[in-house]
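Spelled out from the first residue to the last, the chains are:
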Amino acid sequence: MRRFAANPLVAWLRRAATATAALALVAVPYFKFADSLDTKAYPYLGWLAARKTGAILAILLTQAICQLLAWILSWFERHDLGRIHEALDQIAARHFPNADLSQYRVRATLFKKRRAWLLGCWLGAVDRSGENYRRLRSIFSVNDNIESENTGVAGLCYWTEMTVCLEVKPVDDEPTPAQTGDYKSKTHLTDEEYDCLLLKSCFFLATCIKVNGKKWGVLVLDTNDPNAAPSSKTMEKRRRGELEHATGLLATLLR
């Protein structure tokens, strides 16, 4: 889902609007024929039938209010999402200034931790720099208690709460089983996650994002440019520091 990582309040309002619209479709024909029905066994339905005009107006008004509130909140979300996208573009450009974009891809992806009853927790992509791959909905599993259930570079970064700088060997167009296994092992991917990848990057730089002292999500920079990795420990340390500083500024947009 796009809509700024599926804001729970907006999602709830949309569900309420849909439910009231469905209720209206059931209520209107019921009230139309309610006078000819025997409602003695169901006194509550009889009470509603006697006030059918007010009941229908209440349903339609509730539906309209939910739709309006959801639209207003969505407008603010789209505004915030535009600012976040601009920030991601700037972060990607700063960290990959010499990238040959005609041959390689560079990305900065913002992941947010999400939770659903019975489904557990996962990192879902909020937005991504540039226009390519922006519609992809990358998902990685996370678990605050079990290390093995944190998948992908994003999951590794979330678990360790540390900035991760990872370089892996580029994967061929038709990789051998050994290449595939090595890539999945180093990037902490499951078989299903690996099969869903359209861009198999060979360099990753990721840092955990905290909002109000709690883990909010992860920012991941990645590219399939084999020359993008820092050439020295000093440069790597500088890149880590720059990303952590940029993440601190980005977090101010997420509060």
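Computed from a predicted structure; not experimentally measured.

Quick notes on the rules
Residues numbered from 1 in each chain as written. Predicted model: local features only at pLDDT ≥ 70, side-chain atom pairs only at ≥ 80, totals over all residues. Heavy atoms only, no water. Core = buried A, V, L, I, M, F, W, Y, C linked by side-chain atoms within 4.5 Å. Buried < 20%, exposed > 50% of the residue type's maximum accessible area, 1.4 Å probe, protein only. Helix = DSSP H or I, 4+ residues; strand = E, 2+ residues; numbered from the N terminus. Contact = heavy atoms within 4.5 Å. Pairing = 2+ DSSP bridges. Axes fitted to C-alpha atoms, helices over the stretch in contact; angles between N-to-C directions. Phe/Tyr/Trp six-rings, centres within 6.5 Å; stacked < 30°, edge-to-face > 60°.

**A closer look at the nonpolar core**
Then, number 1: By size, the foremost hydrophobic cluster in this structure holds 26 residues, and its most contacted members are Leu110, Ile209, Leu219, Leu221 and Leu250.
Then, number 2: Taken together, the elements giving at least two residues each to this core come down to α3 (52-95), β1 (106-116), β5 (203-211), β6 (214-223) and α7 (233-251).
Then, number 3: For Ile209, the contacting residues outside a window of four places in its chain are Leu110, Lys214, Lys215, Trp216, Gly217, Val218, Leu219, Thr247, Leu250, Ala251 and Leu254.
Then, number 4: Membership of the second largest hydrophobic core comes to 23 residues, among which are Val142, Ala154, Cys157 and Leu166.

**Describing the sheet that holds β5**
Then, number 1: Read from one edge to the other, the open sheet built from six strands follows the order β3-β2-β1-β6-β5-β4, with strand pairing classed as antiparallel. Each edge of the open sheet is held by one strand with a lone partner, namely β3 (139-142) and β4 (164-167). When strand polarity is set aside, the average angle formed by the axes of neighbouring strands in this sheet is 25°.
Then, number 2: The pairing of β5 with β6 spans nine bridges and is antiparallel. For Leu205, the partnering residue across the bridge sits in β6 and is Leu221.
Then, number 3: Seen against the sheet, α7 touches β1, β4, β5 and β6 and runs at an angle of roughly 35° to β5.

**Side note on the side chain of Thr207**
Then, number 1: As for its position among the elements, Thr207 is in strand β5.
Then, number 2: For Thr207, a relative accessible area of 4% translates into the label buried.
Then, number 3: Setting aside residues up to four positions removed in sequence, Thr207 forms contacts with Cys157, Thr163, Val218, Leu219, Leu243, Glu244 and Thr247.

**Here we look at the packing of aromatic side chains**
Then, number 1: Applying the stated criterion to the full structure yields three aromatic pairs.
Then, number 2: With centroids separated by 6.5 Å and ring planes inclined at 85°, the aromatic side chains of Phe96 and Phe203 adopt a geometry described as edge-to-face. In this pair, Phe96 is assigned in the loop between α3 and β1 and Phe203 in strand β5, connecting sequence segments 107 residues apart. For the pair Phe96 and Phe203, a shared accessibility class is recorded, and that class is buried.
Then, number 3: Between Phe111 and Phe140, the ring centres sit 5.6 Å apart and the planes meet at 65°, which makes this aromatic pair edge-to-face. One end of the pair, Phe111, is in strand β1; the other, Phe140, is in strand β3, and 29 residues separate them in sequence.

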